[in-house]
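Close look at the chain arrangement
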Amino acid sequence: MGESKTVHSPIVTYVSMISLLTLCPPFVILLWYTMTHADGSVLQTWDYLKQNGFQGFINKWPKPTATAWKIIGVYAAFEAALLLLLPGKRVEGPISPVGNRPVYKDNGVAAYLVTLTTYLGLWWFGIFNPSVVYDHLGEIFSALIFGSFIFCIFLYIKGHLAPSSTDSGSCGNFIIDFYWGMELYPRIGKNFDIKVFTNCRFGMMSWAVLALTYCIKQFEQNGKIADSMVVNTTLMVVYVTKFFWWEAGYWNTMDIAHDRAGFYICWGCLVWVPSIYTSPGMYLVNHPVILGTKLALFILVAGILCIYVNYDCDRQRQEFRRTNGKCLVWGKAPSKIEASYTTSSGETKKSLLLTSGWWGLSRHFHYVPEILAAFFWTVPGLFNHFLPYFYVIFLTILLFDRAKRDDDRCRSKYGKYWKLYCNKVPYRIIPGIY
Ligand code: NDP
């Protein structure tokens, strides 16, 4: 087992798996129901559940219909074809713990542009109305919940029977293998990278597609688009555009380089991203708040600034690593720690830790603008309801936990060098506070 295989306590795994399986699917459905059928009001949904009990909830659970499966199938097949067929630069990922270096085709921007142009084109020329997606959203989420579970079983079986590389292995516990995954870089054939598909081309792509869907639905419904919806859609689309612009960089992050393809990450990207991440826009469809030009512009500019800073943090770290520290950080030579670590095969390797620029403010400063950006694309809905803010709250918890997980992993990887970094940059996320 490689160094990336974090040691997971069985108890933590059981608890988080049981909560994910039992709480998240109903939550996805309840969120969709509240946003689309209960005026975005948690109280209204609560009253309904109080009156109708569990059976009332089951009655509201949308069945995955043929239309839902067709929409998902066509979308997934289209994205898979783009991933395989569009040209792109050859990019090498980071060396894996057992010494493999995965190779990718960097065609994310092309796939993104083709997807959005095709989707808008289909609408513009009257071939397919995105409102249909909104009208079948509950059924689509329901189909995704079940379909993704089956997909994760496939990943588990593949991990056992036909792993794509030596970055794979069982820890001997079926639940842990299923939940955290067995393969780091599972592939179908040589070129179809499953994690690039689930995380980027299905999950992240669906975010932009659904953001546009909500905007179009409001237009079809009201004959106009409220400025709150314009701000929300623009910020979410700018964020996803930034993601695809930087997709090759994403292949160096924890999600791809450290987390294995299991239920935790794949189910999350296939179900949680399309449903929860897009939910502020879902809310606005039936709540066309008018902000006024000044306020709308203020929120828009603040949101874009946060997305830019988040991008610049990632860019700074990656540029620093790519040039082996021979770059300028905020106009000066970077300050750094030359760290060494031992791989699982006993080899000693060197690595650089940047201690200036954004990475000198705190050890995970990039999470601050990430959370603020999410706040800015939610706030156009103002404060009448709590539910649109669920994503920001969830993201904050996720990133605070992730910062801790990453710190723990880096501490065990770099030992005294990480301690040195912590002494030099004592705050984990918020400079001066935490
Ligand atoms: P990254 O993987 O990009 O960064 C953490 C890694 O960088 C560490 O594991 C370590 O890896 C290396 N590192 C740590 N400190 C330094 C340093 N000082 N200098 C150089 N390298 C360092 O983090 P994330 O994957 O968490 O974030 C990537 C992006 O994704 C961010 O923009 C984040 O906001 C976003 N994100 C969004 C989420 C969402 O749900 N919206 C969820 C998670 C992330 P190594 O082993 O190579 O040293």
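Residues numbered from 1 in each chain as written. Predicted model: local features only at pLDDT ≥ 70, side-chain atom pairs only at ≥ 80, totals over all residues. Heavy atoms only, no water.

1. Focus on the domain arrangement of the chain
Which entries qualify depends on this criterion: Either an automatic procedure or a domain database provided the assignment from which the domain bounds are taken. Any two residues having at least one pair of non-hydrogen atoms within 4.5 Å are treated as being in contact. Here the quantity called buried area is the accessible surface, traced with a 1.4 Å probe, that two parts lose on coming together, added over both. One side-chain nitrogen of Lys or Arg within 4 Å of one carboxyl oxygen of Asp or Glu is enough to make a salt bridge. Each helix is a run of DSSP H or I of at least 4 residues and each strand a run of E of at least 2, with the numbering of both proceeding from the N terminus. Classification convention: Asp, Glu, Lys, Arg as charged; Ala, Val, Leu, Ile, Met, Phe, Trp, Tyr, Cys, Pro as nonpolar; all other residues, Gly among them, as polar.
Domain annotation of the chain identifies domain 1 (1-289) and domain 2 (291-434). The interface of domain 1 with domain 2 comprises 44 residues on the first partner and 38 residues on the second. Here domain 1 meets domain 2 over a buried area of about 3,600 Å², counting both sides, of which 66% is carbon and sulfur. In this structure, the connection of domain 1 to domain 2 is made through two salt bridges. Taking the shortest distance from any N to any O, the salt bridge between Arg-405 and Asp-259 comes out at 3.5 Å. The greatest single-element share of the side of domain 1 that touches domain 2, amounting to eleven residues, is contributed by helix 9 (residues 227-245). Its residues assigned to classes, the side of domain 1 that touches domain 2 shows 25 nonpolar, 13 polar and six charged.

2. Thoughts on the packing of helix 9 against helix 16 (residues 367-378)
In plain terms, the rule: Orientation is described by axes fitted as lines to C-alpha atoms, over the contacting stretch for helices, and by angles from 0 to 180 degrees between their N-to-C directions. Angle categories are assigned with fixed cut-offs, so that under 35 degrees is roughly parallel, over 145 is roughly antiparallel, 65 to 115 is roughly perpendicular, and the rest are oblique.
Following both chains from N to C, one finds helix 9 and helix 16 inclined at 150°, their axes separated by 8 Å at the closest point. In this view, helix 9 runs roughly antiparallel relative to helix 16, as classed from their interaxial angle. Across the interface between the two elements, Asn-232, Leu-235, Met-236 and Tyr-239 from helix 9 touch Glu-370, Phe-376 and Trp-377 from helix 16. In terms of residue class, the contact of helix 9 with helix 16 is built from five nonpolar, one polar and one charged.

3. Notes on the site of the ligand
Test applied: It suffices for a single heavy atom of a residue to lie within 4 Å of a molecule or strand for the residue to be listed as near it. What qualifies as a polar contact is a pair of N or O atoms within 3.5 Å, subject to a donor-acceptor requirement within protein and to the restriction that residues adjacent in sequence count only when both atoms come from side chains. All accessible-area figures derive from a Shrake-Rupley calculation using a 1.4 Å probe, and residue coverage is judged against the displayed protein chains alone.
The immediate surroundings of the ligand are formed by 29 residues, with Asp-314, Tyr-367, Glu-370, Asp-406 and Tyr-414 found nearest. Note that an oxygen atom of the ligand is positioned 3.2 Å from one of the backbone N or O atoms of Met-254. Here His-366 contributes a side-chain N or O atom positioned 3.4 Å from an oxygen atom of the ligand. Protein coverage of the free-state accessible area of the ligand, which is 910 Å², stands at 93%. Counting residues per element, the ones that place at least two in the shell around the ligand are helix 14 (293-322), strand 6 (348-354), helix 16, helix 17 (390-414) and helix 18 (416-424). Sort the elements by how many residues they give to the shell around the ligand and helix 17 lands first, with ten residues. Of the residues that constitute the shell around the ligand, the class distribution is 17 nonpolar, four polar and eight charged. Per-domain counts for the shell around the ligand show at least three residues from each of domain 1 (1-289) and domain 2 (291-434).

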